[in-house]
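Structural characterization, general
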Amino acid sequence: MTTTPAPLLDDAVTASGPRGKRRANKPPRERAVGLHILLAVASLYFLLPLWWLVVAGSKSTQGLFTGTGGPLWFDSNFALFDNLQQLATYNNGIYLRWLGNSFLYATAGGVGATVLAVLAGYAFAKYRFRGRSVSFMILLASVMVPATALVIPTYVLFNNLGLTNTIWAVILPSLLSPFGVYLMRVYVQDAIPDELLDAARVDGSGEIRTFFTIALPLMRPAVVTVLLLSVVGGWNNYFLPLAMISDQTLLPVTVGLNAWQVQSNSATANGLIWNLVTSGSLVSVIPLIIAFLMLQKYWQGGLSLGSLK
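To start, this report covers the structure provided alongside it. Here the residue numbering is sequential within each chain, running from 1 through the sequence in written order. Residue-level local features of this predicted model are given only where pLDDT is at least 70; pairs of side-chain atoms are given and counted only at 80 or more, and the full residue set underlies all totals for whole chains, interfaces and linings. With hydrogens and water set aside, each side-chain value is computed from the structure's full complement of heavy atoms.

Some remarks on the packing of helix 6 (residues 94–126) against helix 15 (residues 253–266)
Worth spelling out the cut-off: All axes here are fitted lines through C-alpha atoms, helices being fitted over the stretch that makes contact, and every angle between N-to-C directions spans 0 to 180 degrees. Helical segments are the DSSP runs of H or I of at least four residues, strand segments are the runs of E of at least two, and each set is numbered from the N terminus. Contacts were defined at the residue level, with two residues in contact if any of their heavy atoms lie within 4.5 Å. For this classification, the nonpolar set comprises Ala, Val, Leu, Ile, Met, Phe, Trp, Tyr, Cys and Pro, the charged set comprises Asp, Glu, Lys and Arg, and every other residue, Gly included, is treated as polar.
It is the contact of helix 6 with helix 15, at a shortest axis distance of 8 Å, that shows an interaxial angle of 145°. Residues I94, Y95, W98, L99 and S102 of helix 6 pack against V253, G256, L257 and W260 of helix 15. Here the residues of the contact of helix 6 with helix 15 sort into 7 nonpolar, 2 polar and no charged.

What follows is the structure, encoded as structure tokens:
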């Protein structure tokens, strides 16, 4: 009969004891330093384009190409306020009109998509009806379809309805958010117990009252998340309004800035407006930053709640 030597057993016990576990679980200093370096490089990678945009937005057209500060630093001629003044007056202030259009499309489409996603997600999560599984499978399949692949069929449909070159050609397609419905359904399933809804029904509360007084307050983190994603998607929407709208006064800021870029690429020296392209791009991201800062506490609360479940 073969026996295991005692020193090996002692080593195994020592390695599996509390002290051995602490040594195994404690990350080495080198690993921590490596992770910090990796996070610093990733942060720099994401912040560098934003920093370039801030710097470029403060330069004149000449400063963008022959400035003294280089591409990543400010020029000796700080032209940010002059650029903002030109933005407000160039071509009868068309940029302000584009900015207002983007606000309309993002707000109307984002709020509408959020409302539909909340209602559909709650229904998929808490009600049993015929065709529920098949409908949800079709919804998941639609998430896999790129939005750009639907632009041409959508254009043909809206053209037959006579809605192209109107604000409805941008707002109505933005009301559909399959991913928002999926996100709401998953969140409602975990965050709202069926027993809570059953108790409200036993107390005599109707379905509508139960939804607004009990379910909707618990859904606030997910609602804010879907709203933020929908608004950002509507604000950054480019290909849909490009295909649907030909009237310059109805363009969003994304398509309008691209038109200025094309103009600058093909214009002579007197028609170059690169300073308006860069400063206009800088102004266009400010509303998104404000929206994120205003809603981040609700979004972080939703993420924290999800991590505890």
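Having put the structure on the table, let's press on.
Details of the packing of aromatic side chains
Filter applied, for reference: Working definition: a ring pair exists when centres of Phe, Tyr or Trp rings (six-membered ring for Trp) sit within 6.5 Å. Plane angles under 30 degrees give stacked, over 60 give edge-to-face, the rest tilted. Over a ring means this: the NZ of a Lys or the CZ of an Arg is within 6 Å of the ring centre and within 35 degrees of the ring normal.
The tally for this structure, following the rule as stated, stands at 16 aromatic pairs. Aromatic side chains F179 and Y182 sit 6.4 Å apart centroid to centroid with 40° between the ring planes, which places their arrangement in the tilted category. Here Y182 and F179 lie together in helix 10 (residues 178–191), a separation of 3 residues that amounts to about one turn. Among the aromatic side chains, those forming a connected cluster through ring pairs are W51, W73, F74, F78 and F81. Residue placement shows R185 over the ring face of F136; its charged tip is 4.2 Å from the ring centre.

Side note on the pattern of salt bridges
The test is simple: Definition used for salt bridges: Asp or Glu carboxyl oxygen within 4 Å of a side-chain nitrogen of Lys or Arg. For every residue, the accessible area obtained with a 1.4 Å probe (protein chains only) is divided by the maximum for its type, and the residue is called buried under 20%, exposed over 50%, and partly exposed between those limits.
Counted under the stated rule, the structure contains 3 salt bridges. Taking the shortest distance from any N to any O, the salt bridge between R201 and D198 comes out at 3.0 Å. Here D198 and R201 lie together in helix 11 (residues 194–202), a separation of 3 residues that amounts to about one turn. Owing to a relative accessible area of 28%, R201 belongs among the partly exposed residues under this scheme. The closest approach of N and O atoms between R201 and E207, which form a salt bridge, is 2.6 Å. When its relative accessible area of 34% is taken as the criterion, E207 is described as partly exposed.

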